[in-house]
Every structure is written in C-alpha cells, then in structure tokens.
Amino acid sequence: MVKLLVVDQHPIVSKGLELVFNATRDIKFMGSVDNGEAIFEFLKSTPVDIILTEIDLPKLNGLTAIRRIKSDYPDTKVIMFSGQSEEVYAVSSIKAGADGFIPKTAGIITLREAILKVHKDGMYLSDSLMQRLNKNSKGLKGSTYYKKLSTREVEVLKLLASGKRNKDIAKELEINEKTVSTYRARLMKKLNVDNLVDLVNQSNTMQL
C-alpha cells in the first residue's frame, strides 16, 4: 500500500484525488496540504511514501520544497503533478530532485501507474519526455532560451514574473538578496533584455 500526500493550492484538485484514491486498494490517500511549508508540518506526524505536488504553491514553491524534502526526508519520493508546461519544467523538477513529472492533462490511469512505478522503481517520465532527454542529455529540445537556464534561474524567473520583490524571492528560496540580484542580472543577459518589464514579458512567452 502506497501512502500518498497531495500538495495543491486548489481544493477541488485535492478533493478529486482523494475521491479517486479512496477507491483504490494499492494507494492510500493520507491527506492534503495547500502550501509548500505545510508539507513539513504534515510529515512531522504522518510519514508518507510519495508526495504528489504542484509547482505553483503559496509560501514555498514546489521546486524549493523538493530540495528540502530530499534533504530532510530522503526516503520519501516526490512526483511533480503540474499544470505548468512539461517542456519547460520537467527537467528542472528532476534536477531539483523529483522522482517523476506528470502533467495535469494526464488521465487517472496514467497517474496511478506513475505513482506505483515511482514507488517500485524510483522514477517516472513520459515517453515524449524520455525521447527529448535522450536527444539532448543536457536539457529539453524546446525553447532555445530555456536550454540556457539552470533550475535555480527558472525558479527566480518564475518568481520575478509573479511580481515578487528581490527580498521576497530571497526569503522563499532561502538565499540572500545579493544572490537574487546576481540571478536577475544573469537572466537579463541570457534572455537578451535590459529591464525587468522586458524580462517578465520574455518569461510570459515561455509559458511561465
């Protein structure tokens, strides 16, 4: 029996998954939380085998949460279950420590198979993603810009695009403000822009 925690800020998603998995024999729905920080409060009292989490989370984003989970709970597997673009975020998620990436467009059967596969074998990636990884082991063959960005740069870009200040980004990613400024300058150079407005506009064209 796989013990599952669902992390999503939308109650309808969590409730829907609860109903689905309560009807299965091999996956046990242990509960849900709606923000990244709450994951760690939950795990203090309730151990789970797999965490199914979205990238977009209040308080602590999914990529940063994965790093902390892998550090504090190394035996717990994490699957990113996201509405964000697989082409953009799958590799960043895996690099951050995720054991799988499933787009929210996937069916229930695929989701169940992925959870069981990760529990047994430790990794799940879609066939299309595996093909892209095989063609380019350093990253996805999608956006030319995104192939230039590190996982941390993707995180910072996403937070900048959401309107967060350097101070807020530093707190969420647990880095100092000077480091955020360095990432911001690096992003502008890599994306060939010279101001924040153009940087955000560029991120929007990348489906952030």
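Since the structure is predicted, the reported quantities are computational estimates derived from the model, not experimental observations.

Re the nonpolar core
- By size, the foremost hydrophobic cluster in this structure holds 41 residues, and its most contacted members are Leu-5, Val-7, Ile-39, Leu-43, Ile-51, Leu-187 and Leu-199.
- Secondary structure elements with two or more residues in this core: strand E1 (2-7), helix H2 (36-45), helix H3 (62-72), strand E4 (77-82), helix H4 (86-96), helix H7 (151-161), helix H8 (166-173) and helix H9 (177-190).
- With 17 residues, the next largest nonpolar core counts Val-6, Leu-17, Phe-29 and Ala-114 among its residues.

Quick notes on H8
- Of all the residues in H8, the buried ones are Asn-166, Ile-169, Ala-170, Glu-172 and Leu-173. One face of H8 carries all of its buried residues, which in axial projection span an arc of 170°. Projecting away from the buried face of H8 at angles above 90 degrees are the exposed residues Lys-167 and Lys-171.
- Summarising the contacts, the buried residues of H8 are in contact with H3, H7 and H9.

Examining the side chain of Ser-93
- Within the secondary structure, Ser-93 sits in helix H4.
- Given the relative accessible area of 0%, Ser-93 is considered buried.
- Excluding anything up to four places from it in sequence, Ser-93 contacts Ile-55, Leu-63, Ile-66, Met-80, Ala-98 and Phe-101.

Describing the packing of H7 against H8
- Between H7 and H8, the least distance of the axes is 10 Å, while the angle of their chain directions is 135°. With respect to H8, the axis of H7 lies oblique. The hand of the H7/H8 crossing is right-handed. Contact with H7, carried on its side by Arg-152, Glu-155, Val-156, Leu-159 and Leu-160, involves Asn-166, Ile-169, Glu-172 and Leu-173 of H8 and no other residues of that element.
- A breakdown of the residues in the contact of H7 with H8 according to their chemical character gives five nonpolar, one polar and three charged.

With respect to unusual backbone geometry
- Non-glycine residue Lys-59 carries a positive phi angle of around 70°.
- The phi angle at Glu-174 is positive, at roughly 60°, despite the residue not being glycine.
- Checked against the element boundaries, Glu-174 lands in the loop between H8 and H9.
- Overall, Glu-174 belongs to the exposed group, its relative accessible area being 53%.

A few points about the pairing of strand E3 (residues 50-53)
- Of the two faces of E3, the one holding Ile-50 and Leu-52 and the one holding Ile-51 and Thr-53 are both buried throughout.
- The pairing of E1 with E3 spans four bridges and is classified as parallel. Bridge pairing links Val-7 to Thr-53 in E3.
- Taken together, E3, H3 and E4 constitute a β-α-β crossover, and its handedness is right-handed.

Conventions we followed
- Residues numbered from 1 in each chain as written.
- Predicted model: local features only at pLDDT ≥ 70, side-chain atom pairs only at ≥ 80, totals over all residues.
- Heavy atoms only, no water.
- Core = buried A, V, L, I, M, F, W, Y, C linked by side-chain atoms within 4.5 Å.
- Buried < 20%, exposed > 50% of the residue type's maximum accessible area, 1.4 Å probe, protein only.
- Helix = DSSP H or I, 4+ residues; strand = E, 2+ residues; numbered from the N terminus.
- Arc of directions from axis to C-beta.
- Contact = heavy atoms within 4.5 Å.
- Axes fitted to C-alpha atoms, helices over the stretch in contact; angles between N-to-C directions.
- Parallel < 35°, antiparallel > 145°, perpendicular 65-115°, else oblique.
- Left-handed = near helix turned anticlockwise from the far one by under 90°.
- Nonpolar A, V, L, I, M, F, W, Y, C, P; charged D, E, K, R; others polar.
- Pairing = 2+ DSSP bridges.
- Right-handed = clockwise from strand over helix to strand, strands pointing away.

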